[in-house]
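The lines below spell out each chain.
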Amino acid sequence: ERFAMKKMRKRTKVILIIAIIIAILGGIAYKLADRYLIEHVEVVVQDNHSVDSQAASDSNSDSDSVSGSVSSQTQTQDQAPTSQAESDDWNYKSDTQSVSIKKVQTGSGDDTITYYVADVVLQDASSLLTAFAKDSFGTNIVQNTSTIAENHDAIFAINGDYYGFRDSGVVIRNGELYRDEPAREGFATLSDGSMMSYDEEQVSSSELLAQGVTNTFSFGPALVKNGEIAGDFSSVKIDTNFGNRSIQNANPRTGIGMIAPNHYVFVVVDGRSSGYSRGMTLDEFAQLFVDLGATEAYNLDGGGSSTMYFMGRVVNDPLGKGDERGVSDIIYLTE
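Cut-off values and rules
Residue positions are given per chain, counted from 1 along the sequence in the order it is written. Owing to the predicted nature of the model, reporting of local features is limited to residues with pLDDT of at least 70; listing and counting of side-chain atom pairs is limited to 80 or more, with chain, interface and lining totals taken over all residues. Working from all heavy atoms in the structure, the side-chain values ignore hydrogens and water. Only buried residues count toward a nonpolar core. Its members are Ala, Val, Leu, Ile, Met, Phe, Trp, Tyr and Cys residues joined through side-chain atoms within 4.5 Å. Think of it in three bands: residues with accessible area under 20% of the maximum for their type are buried, residues over 50% are exposed, and the middle band is partly exposed, with areas taken using a 1.4 Å probe on protein chains only. A helix here means a DSSP run of H or I that spans at least four residues, while a strand means a run of E at least two residues long, and both kinds are numbered starting from the N terminus. Working rule for contacts: check all heavy atoms of both residues, and any pair within 4.5 Å makes them a contact. Pairing of aromatic rings covers Phe, Tyr and Trp, the last through its six-membered ring, and needs centres within 6.5 Å; plane angles under 30 degrees mean stacked, over 60 mean edge-to-face, and all others mean tilted. Definition used: whenever NZ (Lys) or CZ (Arg) falls within 6 Å of the ring centre and also within 35 degrees of the ring normal, the charge is taken to sit over that ring. Think of it this way: DSSP has to see at least two bridges between two strands before they count as a pair. The angle between two axes is taken between their N-to-C directions and runs from 0 to 180 degrees, where each axis is a line fitted to C-alpha atoms and a helix contributes only its stretch in contact. The arc in question is the one spanned by the directions pointing from the helix axis to the C-beta atoms.

**Q** Describe the nonpolar core, and please don't skip the residues or the numbers.
**A** Grouped together as the largest cluster of nonpolar side chains are 49 residues, with contacts concentrated most on Phe156, Leu223, Tyr264, Phe266, Val267, Phe289 and Met308. Counting residues per element, this core draws most heavily on strand 5 (residues 113–122), which supplies seven residues. Among all residues touching Phe156, those that are not within four sequence positions of it are Val99, Ile101, Ala118, Phe266, Met308, Tyr309, Phe310, Ile331, Tyr332 and Leu333. Within the second largest apolar cluster, twelve residues are counted, among which are Ile141, Ala149, Ala154 and Ala157.

This is the structure:
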């Protein structure tokens, strides 16, 4: 009997230990899911472009309801001439902007690199916009770059900095401050059409807004400053999140650069696809922007996120598989 009780106590102890282990693992699994999988919406963002389009539609409907030739004459006099855009598979040109995309392939065999360069000239920097996945700011909220672009009537778009993967960094988008947790080297676009890199821990968000900053990106590193390669890329880590690793080796890349105010260059490099494209190192990526004439340039989120969208289609071939990875934000152009 004593042996049976001892055996029962031992079994109970084992069951208790197993239950504790399961509870701990369950807690860890929940925390990981909460941090990296479960959507957390902090702010729902109004799509002003859609609002403007709807307002114009409503206005036209109201005008149409007025009978007689006077209504038609008033509409003709009040409406500005519509800009006639010209476009093909690789180019777009209107009175307000031009986009010219080139596919470039260098090397051979395992050393092949395939990348896409978009040369963009704007009449006004207000055409350069950003958008969040599902028009919501928060964590783990993702959509494909093409989906976000289509939802915002984008002519052209690239993936952004995937702000939702981390809880640090300064996030200003379309002139609104959403996050103010300085952590690294950031990049900013300004209302005068210029771009600049800056130290998030040295320049406050209020200073940025006062300078006319419209968007900030928190990834990095800065690739080009004042027309020269920005520095040593031998060991670069963006953050300490789960799964983070040094990013200086050959990888798919997305980058943004300025040749002159309102004259930009966007580059997406495919990679991790033997025989098609190995990707670029940070040194190669920085040198490419210098060769393209960029005076400022910055590295955005890469890997499976790297996507270029133009006129209704994905231009590049993400990871050589044609499958987009959901991202939290995009940079785009629209009329």
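Now that the structure has been shown, we can carry on.
**Q** Give me the lowdown on the packing of aromatic side chains, citing residues and values where you can.
**A** The geometry of an aromatic ring pair is captured by the separation of the ring centres together with the interplanar angle, meaning the angle of the planes. Throughout the structure, instances matching the rule amount to ten aromatic pairs. Judged by centre distance (5.1 Å) and plane angle (15°), the ring pair of Phe187 and Tyr298 falls under stacked. Linking Phe187 in strand 11 (residues 185–190) with Tyr298 in strand 18 (residues 296–299), this pair joins segments that are 111 residues apart in sequence. Since its relative accessible area comes to 0%, Phe187 is described here as buried. On the basis of relative accessible area, Tyr298 is assigned to the buried category, the value being 0%. A connected cluster of aromatic rings, assembled from ring pairs, spans Phe132, Phe137, Tyr163 and Tyr178. The ring of Trp90 carries Arg313 above its face, with NZ or CZ at 4.9 Å from the centroid.

**Q** Residue-level account of the sheet that holds strand 13 (residues 213–217), with values.
**A** Pairing is antiparallel in the open sheet, where three strands are placed in the order 12-11-13. With one partner strand each, in any of the chains shown, strand 12 (195–199) and strand 13 form the two edges of the open sheet. Here the strands of the sheet are splayed against their neighbours by 30° on average, with no regard to which way each runs. Here strand 11 pairs with strand 12 via five bridges, running antiparallel. Its bridge partner lying in strand 12, Ala188 is registered against Met196.

**Q** Residues and numbers for helix 6 (residues 282–291), please.
**A** Of the residues making up helix 6, those classed as buried are Leu282, Phe285, Ala286, Leu288 and Phe289. Burial along helix 6 is one-sided: seen end-on, the buried residues are contained in an arc of 155°. For helix 6, the secondary structure elements touched by its buried residues are strand 5, strand 14 (222–225), strand 15 (228–229), strand 16 (253–260), strand 17 (263–269) and strand 18. Just beyond helix 6, the residue with positive phi is Gly293, at close to 95°.

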